[in-house]
Structures are given as structure tokens and as C-alpha cells.
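# Overview (structure and organization)
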Amino acid sequence: MTGIIVAFPRMDVGKKIKTILVRSGFQVIAVCASGAQVIQEANSLEDGVVVCSYRLPDMIYRELKEYLPAGFQMVTITSRDDWAENGDADVVSLSQPLKVHELVATMEMVTYNLQRARKRRRQQPRQRTAGEQELITRAKSILMSRNNMTEQEAHRYLQKTSMDNGTSFTETAQMILSMMDF
């Protein structure tokens, strides 16, 4: 579930937004009164959504957006005039007066997009470092020379052993190297 941080200069407004979101099935992690508090909360999360006013006591939304970790989306609640003058295409904006159904529908859309992005990131193969790749290459060459395997057979052996033991490909290569004293 996507974590949401609510940030408004007046805590009573933030708590009302939190109540609306929680009743609609969202997980609100924190209600903050300043940008610094939002950044502190956001740094403990992988990703999430910040729902905030245009202006907080210590920064405006644009500064806060710059300090947020990658993977965070922002929804601002502001007047149409402020947004028309200083809006940002990467930030979703809701105009005041706020309508509950608009807030809920917007949050559903933003959290859905975050969940899709998270799923895409997890499905991408992890890139190996040069050191990891070198370990794997050395393990394959040992298997090829000692067991008369082709590179494909050595790769398949490492892959199967890795899956059977529940270890990563790199850890399996490291085990082979340590067993052969290399």
C-alpha cells in the first residue's frame, strides 16, 4: 500500500484531510506542519505521495518537491490563481474549495500510477556491478576448465544451483570460487 504524507501549515486542516483519506481506504503515514518534517518522514519511505498546501511555513511546494526522494508524487491543494501563476506540470493540483470526491479520485489515480511504477521497477532485471560480473566470469571459467563444460552449461549450472540453494547468482559464483580456493 502506498504511504501518504499530509502537510499543511495548520494541523487541524491536515488532520481533516487525513480523516478523509483514511475513511477512503488510504494509508496516511504522517501529518506534518512544515516541509522539513515532510522530508524527514519521506526519507524513511521508498516512495509515496505528499498531499500539501501551496505554501508551508518553511518552503513552498516547489522547494519541497526538489528535496523529496525519487519515487514520490505530489498533490497540492491551492487557489486557482496561485496555480495559474506558479504551477508545475509534474505536480497534480486540486483547487480550493476542495471537494472530497475530487480528492479521493485524484489520490486513487496517483496511488495507482505509483503502484504501476513500483511493479515495473521490480520486474526490471537488476544490473550487476563490474565486480559481480567478474566473479561470475571467473566461476564460469573454473567450471568450464575443471568440468569440461561450455559457457552455456556453466551458466546454466550456476543458475540452477542458485535457484536450488535460494541464493543470488553472484553468491553462488562466490561459493564456487571459495570451494575451489580461488
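Attention in this report is confined to the structure presented alongside it. All of these numbers come straight from a predicted model, not from anything done at the bench.

### Quick look at the sheet that holds strand β3 (residues 48–53)
Pairing in this open sheet of five strands is parallel, and the strands run β2-β1-β3-β4-β5 from one edge to the other. Here the strands that pair on one side only, and so sit at the sheet edges, are β2 (27–32) and β5 (92–95). Strand-to-strand twist in this sheet, taken as the mean axis angle between neighbours without regard to direction, amounts to 20°. Relative to β2, strand β1 (residues 3–7) runs parallel, the two being bridged by five bridges. Bridge pairing links Gly3 to Gln27 in β2.

### A word on the pattern of salt bridges
Within this structure, the stated rule accounts for nine salt bridges. We note a salt bridge from Arg121 to Glu46, for which the minimum N-O separation is 3.4 Å. In this pair, Arg121 sits in helix α5 (residues 100–123) while Glu46 sits in the loop between α2 (35–42) and β3, placing the two residues 75 residues apart along the sequence. With a shortest N-O distance of 3.7 Å, Glu151 and Lys140 are connected by a salt bridge. Of this pair, Glu151 sits in helix α7 (residues 151–165) while Lys140 sits in helix α6 (residues 130–147); the two residues are eleven residues apart in sequence, bridging distant segments of the chain. Exposure remark for Glu151: the relative accessible area of 49% places this residue in the partly exposed category. Shared partners join several salt bridges into a network, and the residues in it are Glu46, Asp47, Arg118 and Arg121.

What counts and how
- Residues numbered from 1 in each chain as written.
- Predicted model: local features only at pLDDT ≥ 70, side-chain atom pairs only at ≥ 80, totals over all residues.
- Heavy atoms only, no water.
- Pairing = 2+ DSSP bridges.
- Helix = DSSP H or I, 4+ residues; strand = E, 2+ residues; numbered from the N terminus.
- Axes fitted to C-alpha atoms, helices over the stretch in contact; angles between N-to-C directions.
- Salt bridge = Lys/Arg side-chain N within 4 Å of Asp/Glu carboxyl O.
- Buried < 20%, exposed > 50% of the residue type's maximum accessible area, 1.4 Å probe, protein only.

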